[in-house]
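What the coordinates show
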Amino acid sequence: MIIAAENNWLPSAIVGAVLVVFGLLWMWSHVRAWRVEQGDDSLGEFDRAHFANRFRRRMQTSGMVVLIGILIPAGDVFVWKWGPWTSTAYWLGILIMAMWVGVQALGDFTAVQSYSRAAMASVNSKRQQAEAELAEYRRRQAEEND
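Nothing here was measured: the structure is a model prediction, and the numbers come from that model. (Residues numbered from 1 in each chain as written. Predicted model: local features only at pLDDT ≥ 70, side-chain atom pairs only at ≥ 80, totals over all residues. Heavy atoms only, no water.)

Examining the side chain of Ser12
The condition is simple: Going along the chain from the N terminus, every DSSP run of H or I of four or more residues is numbered as a helix, and every run of E of two or more is numbered as a strand. Between buried and exposed lies partly exposed: a residue is buried under 20% and exposed over 50% of the maximum accessible area for its type, with that area taken using a 1.4 Å probe on protein chains only. Residue contacts follow a heavy-atom distance rule, with two residues in contact if any of their heavy atoms lie within 4.5 Å.
Assignment of secondary structure puts Ser12 in helix H1 (residues 10-38). Look at Ser12 and you get buried, because its relative accessible area is 11%. With near-sequence residues (within four places) excluded, Ser12 lies in contact with Ile72, Pro73 and Asp76.

Points about the packing of helix H2 (residues 45-78) against helix H3 (residues 84-145)
Note the cut-off: Here an angle of 0 to 180 degrees is reported between the N-to-C directions of two axes, which are lines fitted to C-alpha atoms, with helices fitted over the stretch in contact. Each angle is binned into one of four classes, with values under 35 degrees roughly parallel, values over 145 roughly antiparallel, values of 65 to 115 roughly perpendicular, and all other values oblique. Rotating anticlockwise by less than a right angle from the far helix to the near helix defines a left-handed crossing, while the corresponding clockwise rotation defines a right-handed one. Polar here means any residue outside two lists: the nonpolar Ala, Val, Leu, Ile, Met, Phe, Trp, Tyr, Cys and Pro, and the charged Asp, Glu, Lys and Arg; Gly therefore counts as polar.
Between H2 and H3, whose axes approach to 10 Å, the crossing angle comes to 160°. Accordingly, the angle class assigned to the pair H2 and H3 is roughly antiparallel. As H2 runs across H3, the sense of the crossing is left-handed. Residue composition of the contact of H2 with H3, grouped by class: 20 nonpolar, 5 polar and 6 charged.

Comments concerning the nonpolar core
What counts here: Throughout, nonpolar core names a set of buried Ala, Val, Leu, Ile, Met, Phe, Trp, Tyr and Cys residues whose side chains join them through atoms within 4.5 Å.
Counting 7 residues, the largest nonpolar core is built from Met64, Val65, Ile68, Ile72, Ile94, Met97 and Val101. Mapped onto this core, the elements with two or more residues apiece are H2 and H3. Here this core gets 4 residues from one element, more than from any other, and that element is H2. Here Ile94 is in contact with Ile68, Leu71 and Ile72, once residues within four sequence places are set aside.

Description of the packing of aromatic side chains
Worth spelling out the cut-off: Within 6.5 Å between ring centres, the rings of Phe, Tyr and Trp (the latter by its six-membered ring) count as paired, and their orientation is classed by plane angle as stacked under 30 degrees, edge-to-face over 60, tilted in between.
Across all of its chains, the model carries 5 aromatic pairs by this definition. With a centroid separation of 5.7 Å and an interplanar angle of 25°, the aromatic rings of Phe46 and Tyr115 are classed as stacked. You can see Phe46 sitting in helix H2 and its partner Tyr115 sitting in helix H3, a full 69 residues away along the chain. Residue Tyr115 is classed as buried on the basis of its relative accessible area, which comes to 15%. Three or more aromatic residues link up through ring pairs in this structure, and these residues are Phe46, Phe51 and Tyr115.

Topic: the pattern of salt bridges
Two side chains carrying opposite charge are able to pair once their charged atoms lie near each other. The cut-off we apply is this: One speaks of a salt bridge when a side-chain nitrogen belonging to Lys or Arg is within 4 Å of a carboxyl oxygen belonging to Asp or Glu.
For the coordinates displayed, the defined rule picks out 7 salt bridges. Taken together, the salt bridges that share partners define one network made up of Glu136, Arg139, Arg140 and Glu143.

Rendered as structure tokens:
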């Protein structure tokens, strides 16, 4: 017969504290970046919508990290006393939340990639337009000098 070891909650408390600290730091960083972006008058409506959606996505993801950081040590300390079915459901819920954070991160990555492509297309279009205007200006200058 295997004797169960006494529950050592310290590792889960450390992991939970690290997750909470990182999640709160990320949230603080997102708020700072959002304030800077809101004050930028050079941004168009497309850019503002992208940054607003990015802020919302990243705050949700960081908030979920904080929540998971709280639930891991709480579950390690309390949930085992509630029975095997409750414990299993609890830890599956935390696992599903962790997977949801990953899905949100992939969604954010995809949205940023899509925005970057659209922004680069806009920049290339403006560059081509400027090059065409420069070529026209040079052509006119050459005609005037002839």
